[in-house]
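In case you want the letters, here they are:
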Amino acid sequence: MAAPIAVAIDAPEIETAARWASAVAPHVSTVKVGLELYLRYGPEVITTVRGANRVSVFLDLKLHDIPATVAGAARNVARLKPSILTVHAAGGRDMIAAAVEGAPETTIAAVTVLTSLDDAELDRIGMRGPASDAARRLAELAVEAGAGALVCSPQEAAQLRADVGPDVQLITPGVRPAGADRGDQARVATPQEALAAGADLLVIGRPITRAADPGAAAASIAADVRRAESVG
């Protein structure tokens, strides 16, 4: 059984992205295509990454614009049949609802507070913190607007799970196996910690894709995650 991991396929070239996706697909439930790769190759990258694999595709575009524009973008993206599409919760209720309406067969995941932001940075951009409080406000707004999933750091997952209940999917970036480099993430946790906090889908990128053998790295982390699930 595939582990609830979304591997961030942040490759510079589409051929590399396809190779990574094929390597990890037997072990994980999902591959994530981000903004950089999508802007370079467009819809072709979704088809290429999906390939002959049964893996789900998570399109992480973090849409953030006026509702009419987001509705149109979501309709266009829906043709690609991603399992998940992200929008910024900070875009407001109407914008989130527009995305939900534009892509009714896709789970709209609202990004609460980026994992690269800490409390000091939130203060600098004028958002009332701390990060946990900001995430709760945005999560409540997003769920009311119809979002089926929330993107939050592992540190906020337990509280958001208590707030929104069991039916909203929690997706946690900033997940790093013990001992891995934090990279540009400010709020991180191990896979075991994220699952214990209530996460449903763990976003893991560089610890897998920068490994000498991404497939083997995905298999190892997936095995750890499945063990953590069985213990939990």
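See above for the structure.
Remember, predicted model here, so these are calculated numbers, not experimental data.

Reading guide: rules and limits
Residues numbered from 1 in each chain as written. Predicted model: local features only at pLDDT ≥ 70, side-chain atom pairs only at ≥ 80, totals over all residues. Heavy atoms only, no water. Helix = DSSP H or I, 4+ residues; strand = E, 2+ residues; numbered from the N terminus. Expected span 1.5 Å × (residues − 1). Contact = heavy atoms within 4.5 Å. Buried < 20%, exposed > 50% of the residue type's maximum accessible area, 1.4 Å probe, protein only. Arc of directions from axis to C-beta. Salt bridge = Lys/Arg side-chain N within 4 Å of Asp/Glu carboxyl O.

S.K.: Can you help me understand helix H4 (residues 67-78) in this one?
M.R.: Three- or four-residue spacings in an α-helix give side chains the same orientation, since the helix completes a turn every 3.6 residues. Over its twelve residues, H4 runs 16 Å from end to end, which matches the ideal 16 Å to within 8%, given 1.5 Å per residue. Considering only its buried residues, H4 is in contact with strand E3 (56-63), strand E4 (84-88) and helix H5 (93-102).

S.K.: Is there a simple way to think about H5 in this case?
M.R.: All buried positions along H5 are accounted for by Met-95, Ile-96, Ala-98, Ala-99 and Gly-102. Projected down its long axis, H5 shows its buried positions confined to an angular sector of 155°, all on one face. Facing away from the buried surface of H5 by more than 90 degrees, the exposed residues are Asp-94 and Glu-101. Where H5 is buried, its residues meet E3, H4, E4, strand E5 (107-111) and helix H7 (131-144).

S.K.: Could you clarify how one ought to interpret the pattern of salt bridges in this entry?
M.R.: Any two side chains of opposite charge can pair, on the condition that their charged atoms come close. A complete count under the given rule lists eight salt bridges for this structure. Between Lys-62 and Asp-60 there is a salt bridge, with its nearest N and O atoms 2.8 Å apart. The salt bridge involving Arg-124 is made with Glu-121; its shortest N-O contact spans 2.8 Å. You can see Arg-124 and its partner Glu-121 sitting in helix H6 (residues 119-124), three residues apart, about one turn around the helix. Among the residues examined, Arg-124 registers a relative accessible area of 60% and is labelled exposed. Salt bridges linked by common partners bring Lys-32, Asp-60 and Lys-62 together as one network.

S.K.: In this structure, what is going on with the environment of Met-95? I would like to understand it.
M.R.: Position of Met-95 among the secondary structure elements: in helix H5. As for Met-95 and His-27, which are separated by 68 residues in sequence, their C-alpha atoms are 35 Å apart.

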